[in-house]
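Examination of the molecular architecture
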Number of protein chains: 2
Amino acid sequence: MTIKEICAKYGITADTLRYYERVGVIPAVRRTKGGIRSYSAEDEKWVENAVCMRNAGVPIEMLIEYVKLFQEGDETLEARRNLLMEARVTVQENLDKYQATMDRLNYKISRYDVALKTGVLSWDDCEDDLKKDK
Amino acid sequence: MTIKEICAKYGITADTLRYYERVGVIPAVRRTKGGIRSYSAEDEKWVENAVCMRNAGVPIEMLIEYVKLFQEGDETLEARRNLLMEARVTVQENLDKYQATMDRLNYKISRYDVALKTGVLSWDDCEDDLKKDK
DNA sequence: ATACTACTTGGAGTCAGCTCCAAGTCAAGT
DNA sequence: ACTTGACTTGGAGCTGACTCCAAGTAGTAT
């Protein structure tokens, strides 16, 4: 697989892919005699993983650390698992925040829909409360 | 409410709060004669909303646009609803990506747990596949 | 052989979103 | 009156994550 094919498949640019390799977000990719990157199935798995993790805001640094540990071999199994668990906490927290925001957006939009349908504004001061009776 | 109290309550710094006001993520806050910010209940609602939206990655620009429309009055009701719906699409997409990453992390961690418990590595080449029989 | 295109490198530049800083002001305490 | 400390401003600086660029090379087409 060429860099172009991988880019197209995973929706990132060649620059990003080269950057990931340079800083260690993915391990070094093999080259042809001419020096051109040739992505193996394993390379592709690493790319897929990196893209997925980055999509969820897992920081570059964490991915670099994981790759480093992976390359150090089996003694780092536990360290890698701990790293993954750390990442999971972060992602879960963000997931919760995103869900809270979805709830807020849905509520606000529903209020706007009513206002637009009836022509009447059902709020007078600031419309930005969620009617959370705390 | 002082800037300090608002900061503490919403977990952001005074610098961020002033920055939000400066660029228009929240409307201008009233001041005492001495020029010190005094947050009203409405101001606080705007802050709460901004923090919530930012936590879900809604871009600053979108929040600024919303505040601007809000201040222009009732003719912008529909524009504001459209903006919210746009934001909702973005947040939902991110939510899906985060969920996909959670699934991947859970799978990977479960594999590590097995490997650590049995002392046996259940993979030999690259462990980064999700066994998705595509 | 020459031109063309797609790749390569290292390094510099960009962008969003803060974050920090210097210099100044104000209210309260001594 | 003076010090202290929390606030104010505008602007500069920082960070993470790309993104772009110039200069060079390798393989293919004519």
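In case you missed it, the structure is sitting above this.
In this report, the structure presented in the accompanying data block is examined. Note on numbering: residues in each chain are counted from 1, in written sequence order. Labels follow written order: the first chain is A, the first ligand is 1, and so on. Residue-level local features of this predicted model are given only where pLDDT is at least 70; pairs of side-chain atoms are given and counted only at 80 or more, and the full residue set underlies all totals for whole chains, interfaces and linings. Computation of side-chain values: all heavy atoms of the structure, hydrogens and water removed.

This part takes up the packing of aromatic side chains. Think of it this way: a Phe, Tyr or Trp ring, Trp meaning its six-membered ring, pairs with another when their centres are within 6.5 Å, and the plane angle makes it stacked under 30 degrees, edge-to-face over 60, tilted otherwise. Counted by the stated rule, this structure contains seven aromatic pairs over all chains. With a centroid separation of 5.9 Å and 45° between ring planes, the pair formed by tyrosine 19 of chain A and tyrosine 20 of chain A is classed as tilted. Exposure categories follow from relative accessible area, calculated using a 1.4 Å probe and restricted to protein chains: below 20% of the type maximum is buried, above 50% is exposed, and the middle band is partly exposed. Take tyrosine 19 of chain A: its relative accessible area is 35%, and that puts it in the partly exposed class. Residue tyrosine 20 of chain A is classed as buried on the basis of its relative accessible area of 9%. Their ring planes at 75° and their centres at 5.0 Å tell us that tryptophan 46 of chain B and phenylalanine 70 of chain B sit as a pair that is edge-to-face. In this pair, tryptophan 46 of chain B sits in helix α3 (residues 41-55) while phenylalanine 70 of chain B sits in helix α4 (residues 60-72), placing the two residues 24 residues apart along the sequence. Site record: aromatic cluster; members linked through ring pairs are Trp46, Tyr66 and Phe70 of chain A. Note on conventions: DSSP H or I runs of at least 4 residues are helices, E runs of at least 2 residues are strands, and numbering of each starts at the N terminus.

Moving on to the protein's contact with DNA strand C. Close to DNA strand C lie 17 residues, the nearest being Arg18, Arg31 and Arg37 of chain A together with Asp15 and Arg54 of chain B. Any residue with a heavy atom positioned within 4 Å of a molecule or strand is treated as near that molecule or strand. Counted by atom, the contact set of DNA strand C within 4 Å of the protein is 67% sugar and phosphate. If you list the elements that add at least two residues to the surface near DNA strand C, you get α1 (3-10) and α2 (14-23) of chain A together with α2 (14-23) of chain B. It is α2 of chain B that provides the largest number of residues to the surface near DNA strand C, a total of five residues. Note on residue categories: nonpolar means Ala, Val, Leu, Ile, Met, Phe, Trp, Tyr, Cys or Pro, charged means Asp, Glu, Lys or Arg, and polar means any other residue, Gly included. Of the residues in the surface near DNA strand C, the class split is six nonpolar, three polar and eight charged.

With that settled, the discussion passes to the protein's contact with DNA strand D. Taken together, the neighbourhood of DNA strand D is formed by 17 residues, with Asp15, Tyr20 and Arg54 of chain A together with Arg18 and Arg37 of chain B sitting nearest. Polar contact criterion, stated in full: a pair of N or O atoms within 3.5 Å, where within protein one must be able to donate a hydrogen and the other to accept it, and residues adjacent in sequence count only if both atoms are side-chain atoms. One of the side-chain nitrogen or oxygen atoms of aspartate 15 of chain A is found 3.2 Å away from a base nitrogen of DNA strand D. Within the side chain of tyrosine 20 of chain A, a nitrogen or oxygen atom sits 2.9 Å from a phosphate oxygen of DNA strand D. Of all elements in the fold, only α2 of chain A together with α1 (3-10) and α2 of chain B reach the threshold of two or more residues within the surface near DNA strand D. Ranked by residue count, the leading element in the surface near DNA strand D is α2 of chain A, at five residues. The class makeup of the residues in the surface near DNA strand D is six nonpolar, three polar and eight charged.

Least squares is the method for superposing the copies, and the C-alpha atoms it fits come from residues with pLDDT of at least 70 in both. For the pair chain A and chain B, the best superposition has an RMSD of 0.1 Å and corresponds to a rotation of 180° with a translation of 0.0 Å parallel to the axis. Seen this way, the second copy is the image of the first under a two-fold rotation axis. If distances are taken from each C-alpha of chain A to the rotation axis, the shortest is found for leucine 95 of chain A, at 3.2 Å. Throughout, a contact is declared for two residues whenever any of their heavy atoms are within 4.5 Å. Take the interface residues of chain A: 100% of them recur as interface residues in chain B, which is what a same-surface contact looks like.

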